[in-house]
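Topology and contacts: notes
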Amino acid sequence: MGKRSDAGGIATFMGLVRAFSGGRKIEAMELTHYSPMAEKQLEKLREKTIKKFGIINLTIVHRVGLLRPPDKIVGIVAVAEHRSEAFAACRFAIDELKKSVPIWKKEFTPAGETWV
Amino acid sequence: MKILYFAIIREWLKCGEEEFHLGSATTISDFVKKRIEPRLNGRKIDGFLFAVNENLVDGNHLLNNEDVLAILPPLSGGASQFAFR
């Protein structure tokens, strides 16, 4: 994407497994999802974000399964002519992902496990 | 009709999926109240979402025997217009 001559900015977001959450030590995090709805929703989100901000491209990669701090959970890359749209698209994509993509997280701490 | 359960409701019911035969047309809300809530030992599913054939719908959606109904715990981003109340 950086080779496109009209690309002026690339904004990225990386979500990680935190080592602490609400004062509790996170030993691991399990992510489960409703596939194939999650994949469909991610693609819809990608198309919606590209159109909304008029950007060149958007890539979203989301992991599932058992992860530990500081593993990467989700990565978003937005490519645009200008940095303003790239930043805005990146922010929009992660905010909307959390509202619309059926993925759930369970935290494992010394005190037990909790769906968050 | 196939029902899929995820995350916490899968743990509550100790079940990932089931098959039901619907004798007559029923809304999701009515189905949940009659066939799901009695098995939850008092736990509530307010705020849960429903998807039929991978599309989010609300509780007034009418179910049929060919559908795949997924009962989805709330997503971390907050309340949805489709949330069960």
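Per chain, residues are indexed from 1 in the order of the written sequence. In the order they appear in the text, chains get letters beginning with A and ligands get numbers beginning with 1. Per-residue local features are limited, in this predicted model, to residues with pLDDT of at least 70; the limit for side-chain atom pairs, both in listing and counting, is 80 or more; totals at the level of whole chains, interfaces and linings are taken over all residues. The basis for the side-chain values is all heavy atoms of the structure; hydrogens and waters are excluded.

**Regarding the overall build of chain A**
- Helix and strand assignments come from DSSP, with helices taken as H or I runs of at least 4 residues and strands as E runs of at least 2, each series counted from the N terminus. The helix and strand inventory of chain A stands at two helices and nine strands.
- Put simply, chain A runs from its N terminus to its C terminus through helices and strands in the order β-β-β-β-α-β-β-β-α-β-β.
- Overall, chain A is about 50 × 25 × 20 Å in size when its C-alpha atoms are taken along their principal axes.
- A separation threshold of at least 6 residues defines the contact pool for chain A, and within that pool the share at least 24 residues apart is 70%.
- Within the structure as shown, chain A displays about 6500 Å² of accessible surface, and the carbon and sulfur contribution to it stands at 53%.
- Residues scored as positive are Lys and Arg, those scored as negative are Asp and Glu, and His as well as the terminal groups of each chain are ignored. Lysine's charge is taken at NZ, arginine's at CZ, aspartate's at CG and glutamate's at CD. Counting 20 positive and 13 negative side-chain charges, chain A places the averaged centre of each group 2 Å from the other. The contact criterion used is simple: two residues touch if any of their non-hydrogen atoms lie within 4.5 Å. To be clear on the numbers: accessible area is Shrake-Rupley with a 1.4 Å probe, and residue cover counts the displayed protein chains and nothing else.

**Examining the interface of chain B and chain A**
- With 18 residues of chain B at the interface, the matching set in chain A holds 17 residues.
- Taking both partners together, chain B and chain A bury about 1500 Å²; carbon and sulfur atoms supply 61% of that area.
- The working definition used for a salt bridge is a side-chain nitrogen of Lys or Arg within 4 Å of a carboxyl oxygen of Asp or Glu. At the junction of chain B with chain A, the criterion picks out two salt bridges.
- Between E11(B) and K106(A) there is a salt bridge, with its nearest N and O atoms 2.5 Å apart.
- Here a polar contact is recorded for every N or O atom pair within 3.5 Å, except that within protein the pair must consist of a potential hydrogen donor and a potential acceptor, and residues adjacent in sequence are included only if both atoms are side-chain atoms. Summed over the shared surface of chain B and chain A, the number is four residue pairs in polar contact (both at pLDDT 80 or more).
- Contributions of two or more residues to the side of chain B that touches chain A are made by helix 1 (7-13), strand 5 (55-57) and strand 7 (68-72) of chain B.
- Residue classes follow a fixed rule: Ala, Val, Leu, Ile, Met, Phe, Trp, Tyr, Cys and Pro count as nonpolar, while Asp, Glu, Lys and Arg count as charged, and any other residue, Gly among them, counts as polar. Tallied by class, residues from the side of chain B that touches chain A come to 12 nonpolar, four polar and two charged. The term buried area denotes the loss of accessible surface (1.4 Å probe radius) that occurs when two parts are joined, taken as the sum for both partners.

**Considerations on the sheet that holds strand 5 (residues 57-62) of chain A**
All names here are of chain A.
- Pairing is antiparallel in the open sheet, where three strands are placed in the order 1-7-5. Every other strand in the sheet has two partners, leaving strand 1 (9-16) and strand 5 as the edge strands with one partner each. Put simply, the sheet's adjacent strands are angled 5 degrees from each other on average, direction ignored.
- Here the rule is simple: two strands pair whenever DSSP picks up at least two bridges between them. Pairing of strand 1 with strand 7 (residues 72-80), which is carried by eight bridges, proceeds in the antiparallel orientation. For G9, the partnering residue across the bridge sits in strand 7 and is A80.
- With axes taken as lines fitted to C-alpha atoms, and helix axes fitted only over the stretch in contact, angles between N-to-C directions fall between 0 and 180 degrees. Together, strand 1, strand 5 and strand 7 form the strand contacts of helix 2 (residues 83-100), whose direction differs from that of strand 7 by roughly 145 degrees.

**Regarding the packing of aromatic side chains**
- Two rings belonging to Phe, Tyr or Trp (six-membered ring only in the last case) form a pair when the distance between their centres is within 6.5 Å. Interplanar angles under 30 degrees mark stacking, angles over 60 mark edge-to-face geometry, and anything in between is tilted. Within the structure shown, the criterion is met by five aromatic pairs over all chains.
- Over the face of the ring belonging to F6(B) we find R10(B), whose NZ or CZ atom lies 5.6 Å from the ring centre. In our convention, an over-ring charge means Lys NZ or Arg CZ found within 6 Å of a ring centre and within 35 degrees of that ring's normal.

**Some remarks on the nonpolar core**
Residues and elements named next belong to chain A.
- Note on terminology: a nonpolar core comprises buried Ala, Val, Leu, Ile, Met, Phe, Trp, Tyr and Cys residues joined through side-chain atoms within 4.5 Å. Between buried and exposed lies partly exposed: a residue is buried under 20% and exposed over 50% of the maximum accessible area for its type, with that area taken using a 1.4 Å probe on protein chains only. Judged by nonpolar contacts, the single largest core of 28 residues is most densely connected at I55, L58, I60, I73, V74, I76 and L97.
- Elements that contribute at least two residues to this core include exactly strand 4 (28-33), helix 1 (37-53), strand 5, strand 7 and helix 2.
- If one sorts the elements of this core by residue count, helix 2 sits on top with seven residues.
- Leave out the neighbours within four places in its chain, and I55 touches T49, I50, A78, V79, A80, E85 and A89.

**Some remarks on the sheet that holds strand 4 of chain A**
Residue and element names in this part refer to chain A.
- Strand order in this open sheet of four strands is 6-4-8-9, and the pairing throughout is antiparallel. Whereas interior strands pair on both sides, the edge strands pair on one side only; in this sheet they are strand 6 (65-67) and strand 9 (112-115). Taking the axes of each pair of neighbouring strands and ignoring which way they run, one obtains an average angle of 20 degrees across the sheet.
- Where strand 4 and strand 6 come together, three bridges link them in antiparallel fashion.

**Here's the deal with helix 2 (residues 28-36) of chain B**
- Turning to helix 2 of chain B, its buried residues number three or more, namely I28(B), S29(B), F31(B), V32(B) and I36(B). Down the axis of helix 2 of chain B, the buried set is contained in an arc of 165 degrees. They therefore lie on one face. Note: the arc covers the axis-to-C-beta directions of the helix.

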